[in-house]
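Structural overview for review
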Amino acid sequence: LAFGPFVLNPETGMLLRQGLPCPVGYRGVLLLGALLEHPGEVVTKSDLMDAAWQGAAVEESNLSVQIASLRRLLGPVPGGADWIATVPRVGYRFVGTVEALEEALLGIQIDDEVELRVIDRGVGGVTETNVNLASASNAIIIGFNVRAEGKATELANREGVDIRYYSVIYQAIE
């Protein structure tokens, strides 16, 4: 699972930053993995507690401490926000992937024949509104860990809009 300069391998419990190991504990790996499985989506406190403590009776404050530790370890996303956002009284949301993908794409060296502009960004599935905007702008849609919602795929086919889906940030950049 890759995001920004990080790669998490949940099976080995290894978190890398620019290819170098980062010190993260077992519970931190489990929590980060659970959040990365649902980028942009709210993951409830209950689901995160189950992911990290698997049915053990622990105080909710343990979750808060682990999330704070992850935030310190990860640092801010480009632009200063946290990779993990708090959704008060509900849970947490991993928010960094959209910003990290945009930064990486804008950093690509391109020739004069191609113009790279980000005309919209967001979380959640690709919508008909996204397709209409891409059609009007003669753009493609890059979806990261999402799928089309409703009739967005049908509209994209009709309008000739190319939707490209990726689950690993480095595949999108290539």
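Residues numbered from 1 in each chain as written. Predicted model: local features only at pLDDT ≥ 70, side-chain atom pairs only at ≥ 80, totals over all residues. Heavy atoms only, no water.

Quick word on the packing of helix α1 (residues 26-36) against helix α3 (residues 60-74)
Packing of α1 against α3 brings their axes to within 10 Å, and their N-to-C directions diverge by 80°. On the basis of their axis angle, the class for α1 and α3 is roughly perpendicular. Of α3, the residues touching α1 (which contributes Arg27, Gly28, Leu31, Leu32 and Leu35) are Leu63, Gln66, Ile67, Leu70 and Leu74. For the contact of α1 with α3, the class distribution of residues is 7 nonpolar, 2 polar and 1 charged. (Axes fitted to C-alpha atoms, helices over the stretch in contact; angles between N-to-C directions. Helix = DSSP H or I, 4+ residues; strand = E, 2+ residues; numbered from the N terminus. Parallel < 35°, antiparallel > 145°, perpendicular 65-115°, else oblique. Contact = heavy atoms within 4.5 Å. Nonpolar A, V, L, I, M, F, W, Y, C, P; charged D, E, K, R; others polar.)

Points about the pattern of salt bridges
Side-chain pairing between opposite charges can occur once the charged atoms of the two side chains come close. All told, the structure shown has 3 salt bridges when counted by the stated rule. The shortest N-O distance in the salt bridge between Arg71 and Asp82 comes to 3.8 Å. Of this pair, Arg71 sits in helix α3 while Asp82 sits in the loop between α3 and β6 (84-87), and the two are 11 residues apart along the sequence. In this structure Asp82 comes out as partly exposed when scored by relative accessible area, which is 37%. (Salt bridge = Lys/Arg side-chain N within 4 Å of Asp/Glu carboxyl O. Buried < 20%, exposed > 50% of the residue type's maximum accessible area, 1.4 Å probe, protein only.)

Structural notes on α3
With 15 residues, α3 extends 22 Å between its outermost C-alpha atoms, agreeing within 8% with the 21 Å of an ideal straight helix rising 1.5 Å per residue. Those residues of α3 lying buried are Leu63, Ile67, Leu70, Leu73 and Leu74. Along the axis of α3, the buried residues cluster in a sector spanning 120°; they form a single face. What points out from α3, more than 90 degrees from its buried face, is the exposed set Val65 and Arg72. A positive phi of about 70° marks Gly75, the residue just after α3. (Expected span 1.5 Å × (residues − 1). Arc of directions from axis to C-beta.)

Considering a nonpolar patch on the surface
The grouping of Ile108, Ile110, Val114 and Leu116 at the surface amounts to a nonpolar patch, some 300 Å² of accessible area in total. Relative to the elements of secondary structure, Val114 occurs in the loop between α4 (96-106) and α5 (128-137). When its relative accessible area of 48% is taken as the criterion, Val114 is described as partly exposed. (Patch = residues over 30% accessible without salt bridge, like charges linked within 9 Å, V, L, I, M, F, W, Y side chains within 5 Å. Areas by Shrake-Rupley, 256 points an atom, 1.4 Å probe, with all protein chains shown as cover.)

Examining the environment of Leu133
Of note, Leu133 is situated in helix α5. Note: C-alpha distance between Leu133 and Val161 (28 residues apart in sequence) is 9.8 Å. When sequence neighbours within four positions are dropped, the list of residues in contact with Leu133 reads Ile119 and Asp120.

Here we look at the sheet that holds strand β3 (residues 14-17)
Pairing is antiparallel across the open sheet formed by 4 strands, whose spatial order is β1-β2-β3-β4. The open sheet has two edge strands, β1 (2-3) and β4 (20-22), and neither has a second partner. Of the pairings in the sheet, the one linking β1 to strand β2 (residues 6-9) comprises 2 bridges and is antiparallel in character. The residue bridging Phe3 from the neighbouring strand is Phe6, located in β2. (Pairing = 2+ DSSP bridges.)

Comments concerning the pairing of β6
Where β6 lies against strand β7 (residues 91-94), 4 bridges are found, and the strand directions are antiparallel. Residue pairing for β7: Ile84 is matched across the bridge by Phe94. Joining the antiparallel neighbours β6 and β7 is a turn of 3 residues, in which Arg89 adopts a positive phi near 65°.

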